[in-house]
Amino acid sequence: TLATESPLLPSEVPGLARANDEMINLVKKVTPSVVSIDTKILKKKRLLDTLRNRVYERSDITQGLGSGVIASKEGHVITSHHVIDGHQEIRVTMKDGRNLPAIFVGSDPLSDIAVLRIKGQPGEVFTPLKFADSDQVEVGQLAIAVGSPFDLGTSVTTGRVSARNRSLSDGQRDMFQTDVPINPGNSGGPLLNHLGEIIGINASIYSTDRQNPSFGGISFSIPSNDVVRTMNHIFEKGRAIYGFLGIQARDLDQN
């Protein structure tokens, strides 16, 4: 005989019931603005010809995948530079199932941000998500990732912001560390707050297994303020702009 009653009534867990309904509503509102990205990437391989005892290069077209978020009503999409690096063709899949071509606008390898534009119907207006002020993000706050891990289609994972100002290399800007599950294919997708605003762009994970990296509880996202700054530079100048010092190093002598 199967049970006919729930262990608890909704009136006994009003907070959990309200939080559950609010999360469902948030996901319904944001997922139409998140896209899957499929690319054809040209990669060069160095091969050894043992008969002629020489090394030669061969170019192969490989499939790439990632995620992105619509950032303007005109159809501009933010994603990761490493998702589209070396691309020959870019297509995006919308939440409604449409598979559309996208053109490359610009990118910045240093910040790992790229800007695309969807080629939709003439006059089509897209639904962008708002960028939040990442300077206001607090450790411990709710974080929601939306993307297409392993090319499975739109997926949602949740967690918390674990730390701020994390850097994986000397040339990389500080990032948010979270415990939100991120996997291959999530790169370029948005990290959202409880209002559905973009607080970051999911970029990478920390894994001790370099051959088969997988999520181990630590993921990293590029703060939204850095994303917006890079995007505006690409729109205005065609590339990211950085400050520099006019210093030249040389060896000292007795003079």
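Here's a quick rundown of the structure. (Residues numbered from 1 in each chain as written. Predicted model: local features only at pLDDT ≥ 70, side-chain atom pairs only at ≥ 80, totals over all residues. Heavy atoms only, no water.)

With respect to the overall build of the protein chain
Per the secondary structure count, the protein chain includes 3 helices and 12 strands. When the backbone C-alpha atoms are referred to their principal axes, the protein chain occupies close to 85 × 55 × 45 Å. Looking at the protein chain residue by residue over its 255 residues, the buried ones come to 38%. Pairs at least 24 residues apart make up 60% of the contacts formed inside the protein chain by residues separated by at least 6 positions. Taken together, the 27 basic and 28 acidic charged side chains of the protein chain have centroids lying 7 Å from each other. (Helix = DSSP H or I, 4+ residues; strand = E, 2+ residues; numbered from the N terminus. Buried < 20%, exposed > 50% of the residue type's maximum accessible area, 1.4 Å probe, protein only. Contact = heavy atoms within 4.5 Å. Lys, Arg positive; Asp, Glu negative; His and termini not counted. Charge placed at Lys NZ, Arg CZ, Asp CG, Glu CD.)

What to know about helix α3 (residues 224-237)
Compared with the 20 Å implied by 1.5 Å per residue over 14 residues, the 20 Å span of α3 between its first and last C-alpha is a close match. Within α3, burial applies to S224, N225, D226, V227, T230, M231, H233 and I234. Buried residues along α3 sit in contact with β3 (76-79), β5 (99-108), β6 (113-118), β11 (198-205) and β12 (219-223). Among the residues trailing α3, G238 stands out with phi positive, at a value near 85°. (Expected span 1.5 Å × (residues − 1).)

A word on the pattern of salt bridges
Per the stated rule, a full pass over the model turns up 5 salt bridges. For K40, the salt bridge identified is with E89, shortest N-O distance 3.7 Å. Here E89 lies in strand β4 (residues 87-93) and K40 lies in strand β1 (residues 34-49), a separation of 49 residues in the sequence. Owing to a relative accessible area of 37%, K40 belongs among the partly exposed residues under this scheme. Judged by relative accessible area, which is 32%, E89 ranks as partly exposed. In this structure, the salt-bridge partner of R98 is E124, at a minimum N-O distance of 2.7 Å. Of this pair, R98 sits in the loop between β4 and β5 while E124 is found in the loop between β6 and β7 (142-147), placing the two residues 26 residues apart along the sequence. Of the residues examined, R98 reaches a relative accessible area of 28% and is grouped as partly exposed. Look at the salt bridges and you will find they share partners, linking D96, R98 and E124 into a network. (Salt bridge = Lys/Arg side-chain N within 4 Å of Asp/Glu carboxyl O.)

Things to note about the side chain of D108
Its location among the elements puts D108 in strand β5. The buried category is assigned to D108, whose relative accessible area is 7%. Setting aside chain neighbours within four positions, we find D108 in contact with H81, I113, T230, A240 and Y242.

Thoughts on the nonpolar core
By size, the foremost hydrophobic cluster in this structure holds 22 residues, and its most contacted members are I78, F131, L192, I198, I201 and V227. Of all the secondary-structure elements, those providing two or more residues to this core are α1 (14-30), β6, β7, β11, β12 and α3. Excluding its chain neighbours within four sequence positions, the residues that come into contact with L192 are V30, L129, L142, A143, I144, V146, E197, I198 and I199. One finds V35, I84, I90 and L116 within the second-largest nonpolar core, a separate group that totals 15 residues. (Core = buried A, V, L, I, M, F, W, Y, C linked by side-chain atoms within 4.5 Å.)

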